[in-house]
2 protein chains.
Amino acid sequence: MKVNEMMDKNFIVVSPEDDLVEVSILMEKKLRFTTPVVDSQKRLVGWITSLDVNRGFREGKKKVKDVMYAKEDIVHVHDDDPARLAVLEAGEYKVFNIPVISDDDVVVGVVRTFDIVKTLSSLYEVKVYKIFKAMEEELKGVTWDELMEASAIVTRRRTGKRVTANDYEKRIKNSTFGEAIWATGGLEKFFVGLIAIGELVIARKVAKARK
Amino acid sequence: MKVNEMMDKNFIVVSPEDDLVEVSILMEKKLRFTTPVVDSQKRLVGWITSLDVNRGFREGKKKVKDVMYAKEDIVHVHDDDPARLAVLEAGEYKVFNIPVISDDDVVVGVVRTFDIVKTLSSLYEVKVYKIFKAMEEELKGVTWDELMEASAIVTRRRTGKRVTANDYEKRIKNSTFGEAIWATGGLEKFFVGLIAIGELVIARKVAKARK
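None of these values were measured; they are calculated from a predicted model.

Some details on the overall build of chain A
Counting its regular elements, chain A contains nine helices and six strands. Taking 17 Å as the expected radius of gyration for a compact globule of 211 residues, we find that chain A reaches 26 Å, considerably beyond that expectation. In terms of its C-alpha atoms, chain A occupies a principal-axis envelope of roughly 85 × 35 × 25 Å. Relative to its full complement of 211 residues, chain A shows a buried share of 53%. The long-range fraction of contacts in chain A, counting pairs at least 24 apart against all pairs at least 6 apart in sequence, stands at 56%.

See the structure below:
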């Protein structure tokens, strides 16, 4: 995934000569706490936050250029950068928004941390069921019922709880990857459980073939 | 993971009677775009943003209570809620910060979206190597070298690229889960690749045992 698939394209921009009161009204109307400052060619020249506007008001400043950050002092990403980069930078620099520029420095979007959260959590919200369906397709010659039966056996072995194949199927239809990794205690443990299930169905398939 | 493991504990609070100019200076000094409003017992009564402060300045308002949101109009979570809940709410309501309250309504923290991004991305940054180590441990009787050999074979089959067991080992030592799922095209595909590897090492183990 690229940055341009995760960014807000309905961003606002302001120019260095803009009046602070007007910018303040625009930011409030569009609910933007921070916004890129651009030149007449829409190229990134700076960044302004609502905290800077507040300071400007307190100190009697009139224009964006009196309170803005320079381009050199802010984090930015390119539209064809991997989305991962914006994720890492937001976490590292503790910023809420990151301007996205094209190769000629033109601002083409803003990555907002809640867009990142939405993208990351949509991955977490993949149903566990879909992972098992992919597994069924991969393991040729293993039926869905055999897969559910093996899953119930592995679950009984690991947790001591009596679970039927039917119970297991219901559970994975309702639970998500995010819930599963928090429930099993982490990514590795979740995968290891799946591998154990895979190992069991394969062993059973081999045993059946020998009969 | 609970909300209280992911929240900012160095938050600031303001009270409804506080002077807007002083609040504005505090928010700028602490770099807080939004902050909880509390009563004398530190219980949550509202929420104020730097955009509200701007509006207050424009309109000649003097106190926090003149521009704040009421408690009913904001999203909040409890300190013992699952961290997942804050993640989902930030994505759904598109908010940058969520106040965290205890059972008696006292504000005990603030979840910031970049804290969420950091937590989520640290999960993504798990080395793929660790997943293979967990797999080796799970698949009794399969050596690390056999696992790498099977991985190289599966990779060759799927991508057509000539990869040795050695190449493969180097690759997983350097790459993370986040990179791997973006590279393979999604969670299910990544996992299906692991299952294919598991299937192959098990088939080879069975074949060896028969000899």
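Points about helix H5 (residues 128-138) of chain B
Buried within H5 of chain B are the following residues: Val128, Ile131, Phe132, Ala134, Met135 and Glu138 of chain B. Axial view of H5 of chain B: buried residues confined to an arc of 155°, hence all on one face.

Describing the packing of helix H6 (residues 144-159) of chain B against helix H9 (residues 187-210) of chain B
Residues and elements named next belong to chain B. Packing of H6 against H9 leaves a shortest axis separation of 9 Å and a crossing angle of 125°. In this view, H6 runs oblique relative to H9, as classed from their interaxial angle. Where H6 crosses over H9, the handedness of that crossing is right-handed. Facing Glu146, Leu147, Glu149, Ala150, Ser151, Ile153, Val154, Arg157 and Arg158 of H6, the residues of H9 in contact are Val192, Gly193, Ala196, Ile197, Leu200, Val201, Arg204 and Lys208. The residue makeup of the contact of H6 with H9, split by class, is nine nonpolar, two polar and six charged.

A word on the relation of the copies chain A and chain B
Between chain A and chain B, the superposition needs a rotation of 180° and an axial shift of 0.1 Å, giving an RMSD of 0.3 Å. Such a turn and shift between the copies fits a two-fold axis.

Points about the sheet that holds strand E5 (residues 97-101) of chain B
Neighbouring strands of a sheet are bound in pairs by backbone hydrogen bonds; such pairs are parallel or else antiparallel. Residue and element names in this part refer to chain B. An order of E4-E5-E6 is seen for the three strands of this open sheet, with the pairing classed as mixed. Edge positions in the sheet fall to strand E4 (77-78) and strand E6 (107-112), since each of these pairs with one other strand and no more. The pairing of E5 with E6 spans five bridges and is antiparallel. Pairing of Val100 across the sheet is with Gly109, part of E6.

Details of the interface of chain A and chain B
Between chain A and chain B, the residue contacts involve 66 residues of the former and 67 residues of the latter. Between chain A and chain B, a total of about 6400 Å² is buried, with carbon and sulfur atoms accounting for 72% of that surface. Our enumeration of links across chain A and chain B arrives at eight salt bridges. The salt bridge partner of Arg55 of chain A is Glu28 of chain B, with a shortest N-O separation of 3.0 Å. Our count for the chain A to chain B interface comes out at eleven residue pairs in polar contact (both at pLDDT 80 or more). Among the secondary structure elements, those contributing two or more residues to the side of chain A that touches chain B are helix H1 (20-29), helix H2 (50-59), helix H3 (83-93), helix H4 (113-124), helix H5 (128-138), helix H8 (177-184) and helix H9 (187-210) of chain A. Looking at the side of chain A that touches chain B residue by residue, the class counts come to 37 nonpolar, eleven polar and 18 charged.

Things to note about the packing of aromatic side chains
Here the structure, examined in full by the defined rule, presents 17 aromatic pairs over all chains. Each ring, one from Phe177 of chain A and one from Phe190 of chain A, has its centre 5.3 Å from the other, and the planes form 75°; the classification is edge-to-face. Residue Phe177 of chain A is found in helix H8, and its partner Phe190 of chain A is found in helix H9; the two are separated by 13 residues along the sequence. For the residue pair Phe177 of chain A and Phe190 of chain A, the accessibility class agrees, reading buried in each case. Aromatic ring contacts, followed pair by pair, group Phe33, Phe96 and Phe114 of chain A together with Phe33, Phe96 and Phe114 of chain B into a single cluster. Here Lys133 of chain A stacks its cationic end above the ring of Trp144 of chain A, 4.2 Å away from the centre of that ring.

What about the domain arrangement of chain A?
When the domains of chain A are assigned, the result is domain 1 (3-122) and domain 2 (125-210). Centre-to-centre, using C-alpha coordinates, domain 1 of chain A lies 45 Å away from domain 2 of chain A.

Some remarks on the side chain of Thr35 of chain B
Counting through the fold element by element, Thr35 of chain B comes out in strand E1 (residues 34-38). Among the polar contacts made by the side chain of Thr35 of chain B, one reaches the main-chain carbonyl oxygen of Ile12 of chain B at a distance of 2.7 Å.

Brief notes about the packing of H5 of chain A against H9 of chain B
Viewed as axis vectors pointing N to C, H5 of chain A and H9 of chain B meet at an angle of 40°, and their least axial separation amounts to 9 Å. Relative to H9 of chain B, H5 of chain A is oriented oblique. Of the two possible hands of crossing, H5 of chain A and H9 of chain B adopt the one that is right-handed. Seen from H5 of chain A, the contacting residues are Lys130, Ile131, Ala134, Met135 and Glu138 of chain A; seen from H9 of chain B, they are Leu187, Glu188, Phe191, Val192, Ile195, Ala196 and Glu199 of chain B. Grouping the amino acids of the contact of H5 of chain A with H9 of chain B by side-chain chemistry returns eight nonpolar, no polar and four charged.

How each quantity is defined
- Residues numbered from 1 in each chain as written.
- Chains lettered and ligands numbered in written order.
- Predicted model: local features only at pLDDT ≥ 70, side-chain atom pairs only at ≥ 80, totals over all residues.
- Heavy atoms only, no water.
- Helix = DSSP H or I, 4+ residues; strand = E, 2+ residues; numbered from the N terminus.
- Rg over C-alpha atoms; globule rule 2.2 N^0.38 Å.
- Buried < 20%, exposed > 50% of the residue type's maximum accessible area, 1.4 Å probe, protein only.
- Contact = heavy atoms within 4.5 Å.
- Arc of directions from axis to C-beta.
- Axes fitted to C-alpha atoms, helices over the stretch in contact; angles between N-to-C directions.
- Parallel < 35°, antiparallel > 145°, perpendicular 65-115°, else oblique.
- Left-handed = near helix turned anticlockwise from the far one by under 90°.
- Nonpolar A, V, L, I, M, F, W, Y, C, P; charged D, E, K, R; others polar.
- Least-squares fit on C-alpha atoms with pLDDT ≥ 70 in both.
- Pairing = 2+ DSSP bridges.
- Buried area = accessible area lost by both parts, 1.4 Å probe.
- Salt bridge = Lys/Arg side-chain N within 4 Å of Asp/Glu carboxyl O.
- Polar contact = N/O pair within 3.5 Å; in protein donor to acceptor, adjacent residues only side chain to side chain.
- Phe/Tyr/Trp six-rings, centres within 6.5 Å; stacked < 30°, edge-to-face > 60°.
- Lys NZ or Arg CZ within 6 Å of the ring centre and 35° of its normal.
- Domains from an automatic or database assignment.

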